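# Examining the three-dimensional arrangement
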Amino acid sequence: MTHTQLTHGAWRMNRRMVLILATTCAVGVGNIYFPQAISPLVAAGLRESPDAAALVVTATQIGYTAGIFLLVPLGDRIPHCPFLVTLLTLTGIGLLAAGCAPALPPLVAASALIGLTTVAAQVVAPLAAGLVAADRRGAVMGTLLSGSIGGMLLARTFSGTLGEWLGWRAPYLVAAVLVLLLATVLARTLPVTTPPSRQPYPALLAESLRLLRTEPDLRRSCFYQATSFAGFSAVWTCLALLLTGPAYDLGAQAVGMLALVGAATMLCTPFAGRLVDRKGSDPVNLVCMLGALVSAAVLAEGARGGAPGLAALVLGTLLLDVAMQSGMVANQARVFALRPDARSRLNTAYMTCAYLGGSGGSWAGLRVYGRAGWRGVCALVAILAALALVRHFVALYGRRPRSAETAQ
């Protein structure tokens, strides 16, 4: 049965498949984030400086960005089952190599391979979009995003705890076993799908850029997510500076504890997905943009310091996290509805723009914080949300024809 043949009834028979795919997203995303928690252990174990050991994290992130652009489009060219199994197998090999690395250079090289191939979550999303009926797509996207959020949050705790007990190599080796087991499960359970494209590889890469030029709803979805992720990244990049500064004088662990607030988004994103299925993407986007604006005002109160300021930071970061992640569900549902034959290429364009926005937000946030402090960062978040709102209203009420998805 191909993905184009599955019906709404097939959704009811494949809830277990959605859980497996959400687990795949969690494991794939977790591989990006768990090295962050054990970087100091790597430095001590290999007798390297902390700055040198941080190259492991950098190599993983660079590899991941490259994988999104270079490998994810192949999801439209290669059947999903062998493609995902191959990616996970290569990730497992990279994790094993990292866990056995005798020195830093081989570890950095293995980390780059891990990042490059652990793009399973970005391959799973287009696959899942084709495995369910259109009126359940938002709910599935929300569930998969919950898996990714869980992997991101739990990976640091998992690796940090295991690394303290058994050394820095243990998280890599345990992750390798998990990934290879998951590859075996997917090889046995994934349905057969027919690739929608026979284009050669260079044409697939060029198609992602062409889609940005020809699909207005893709461009606006990219803009929404880039501005949202930019504000999100600016806040979390500068939050450590605020909490460890004179206003609070807390340790770095306080930032990690505050990050656990984001666990609440695991419950919110499936709900957002169901709203997308009932109301459409545009109303959910609007609420998320307004939520980001409100979060900026709440976060600004965090500059006061003390218990009231800390409460404002907890509430503001929670609101911002929910707005960003729920907006992603709405954006992906809109994007995947555009071209069923090019979902992987659409996702490549979308996620590349999102990560570029996040990188730009981190860069801008640091510079604004140095000149205008925490309230300046909050003003940046508000400006970005306002820009998205303006773009949203232009799309809905401007002179250009409304898209089919908007009209729903």
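Small disclaimer: the values here were computed from a predicted structure and weren't measured.

We now examine the overall build of the protein chain. When its secondary structure is counted, the protein chain shows 17 helices and zero strands. Over its C-alpha trace the protein chain gives a radius of gyration of 21 Å, about what one expects of a compact globule, namely 22 Å for 408 residues. In terms of principal-axis extent, the alpha carbons of the protein chain reach across some 60 × 55 × 35 Å. Pairs at least 24 apart in sequence give 82% of the contacts found in the protein chain among residues at least 6 apart. Total accessible area computed for the protein chain in this model is approximately 17,100 Å², and 69% of it derives from carbon and sulfur atoms.

Attention now goes to the nonpolar core. Core analysis: the largest hydrophobic core is formed by 83 residues, its most contacted members being Leu-21, Leu-107, Met-141, Leu-144 and Tyr-172. In contact with Met-141, other than residues within four places in its own chain, are Ala-125, Ala-128, Ala-129, Val-329, Gln-332 and Phe-336.

On to the pattern of salt bridges. Applying the stated rule across the entire model yields eight salt bridges. Ionic pairing is found between Glu-207 and Arg-210, a salt bridge with its closest N-O pair at 2.7 Å. Within this pair, Glu-207 and its partner Arg-210 are both found in helix α10 (residues 201-214), separated by three residues, close to a single helical turn. Owing to a relative accessible area of 8%, Glu-207 belongs among the buried residues under this scheme. A relative accessible area of 29% means that Arg-210 is categorised as partly exposed. Measuring nitrogen to oxygen at the nearest pair gives 2.4 Å for the salt bridge that ties Glu-301 to Arg-304. Glu-301 sits in the partly exposed class, given a relative accessible area of 34%.

So, about the packing of aromatic side chains. Geometrically, a pair of aromatic rings is defined through the distance of the ring centres and the angle of the planes. A full pass over the atoms with the stated rule returns seven aromatic pairs. Here Phe-393 and Tyr-397 contribute two aromatic rings whose centre-to-centre distance is 6.2 Å and whose plane-to-plane angle is 25 degrees, an arrangement assigned as stacked. You can see Phe-393 and its partner Tyr-397 sitting in helix α16 (residues 343-397), four residues apart, about one turn around the helix. We classify Tyr-397 as exposed; its relative accessible area is 64%.

Attention now goes to the confidence of the model for the protein chain. Note: predicted coordinates in regions of low pLDDT should not be interpreted at a detailed level. For the protein chain, per-residue confidence averages 85 on the pLDDT scale, and 92% of positions sit at 70 or higher. Under a pLDDT of 50 for its full length, residues 1-13 has, in the predicted model, 20 contacts with residues more than four places off or in other chains. Scored below 50 in pLDDT, residues 401-408 makes 15 contacts in the model with residues more than four places away or belonging to other chains.

Note that Gly-306 resides in helix α15 (residues 306-336). Assessed through its relative accessible area of 40%, Gly-306 is described here as partly exposed. Measuring from C-alpha to C-alpha, the distance between Gly-306 and Gln-332 comes to 39 Å, with 26 residues separating the pair along the chain. Excluding anything up to four places from it in sequence, Gly-306 contacts Ala-247 and Tyr-248.

Turning next to helix α9 (residues 169-189). If you check α9, its first and last C-alpha atoms are 31 Å apart, about what 21 residues at 1.5 Å a residue would give, namely 30 Å. Of the residues making up α9, those classed as buried are Ala-170, Pro-171, Tyr-172, Ala-175, Ala-176, Val-179, Leu-182, Ala-183 and Leu-186. Where α9 is buried, its residues meet α2 (15-45), α4 (55-70), α5 (80-99), α6 (104-117) and α8 (137-166).

Attention now moves to the side chain of Ser-344. Residue position: Ser-344 is located in helix α16. In this view, Ser-344 contacts Val-72, Pro-73, Gly-75, Asp-76 and Pro-126; residues no more than four positions away in its chain are not counted.

Between α2 and α9, whose axes approach to 11 Å, the crossing angle comes to 160 degrees. What the angle tells us is that α2 and α9 run roughly antiparallel. The handedness of the crossing between α2 and α9 comes out as left-handed. On α9, the residues that touch Arg-16, Met-17, Ile-20, Thr-23, Thr-24, Val-27, Asn-31, Phe-34, Pro-35 and Ile-38 of α2 are Pro-171, Tyr-172, Ala-175, Val-179, Leu-182, Val-185, Leu-186 and Thr-189.

Each value, and the rule that gives it
Residues numbered from 1 in each chain as written. Predicted model: local features only at pLDDT ≥ 70, side-chain atom pairs only at ≥ 80, totals over all residues. Heavy atoms only, no water. Helix = DSSP H or I, 4+ residues; strand = E, 2+ residues; numbered from the N terminus. Rg over C-alpha atoms; globule rule 2.2 N^0.38 Å. Contact = heavy atoms within 4.5 Å. Areas by Shrake-Rupley, 256 points an atom, 1.4 Å probe, with all protein chains shown as cover. Core = buried A, V, L, I, M, F, W, Y, C linked by side-chain atoms within 4.5 Å. Buried < 20%, exposed > 50% of the residue type's maximum accessible area, 1.4 Å probe, protein only. Salt bridge = Lys/Arg side-chain N within 4 Å of Asp/Glu carboxyl O. Phe/Tyr/Trp six-rings, centres within 6.5 Å; stacked < 30°, edge-to-face > 60°. pLDDT = per-residue confidence, 0-100. Expected span 1.5 Å × (residues − 1). Axes fitted to C-alpha atoms, helices over the stretch in contact; angles between N-to-C directions. Parallel < 35°, antiparallel > 145°, perpendicular 65-115°, else oblique. Left-handed = near helix turned anticlockwise from the far one by under 90°.

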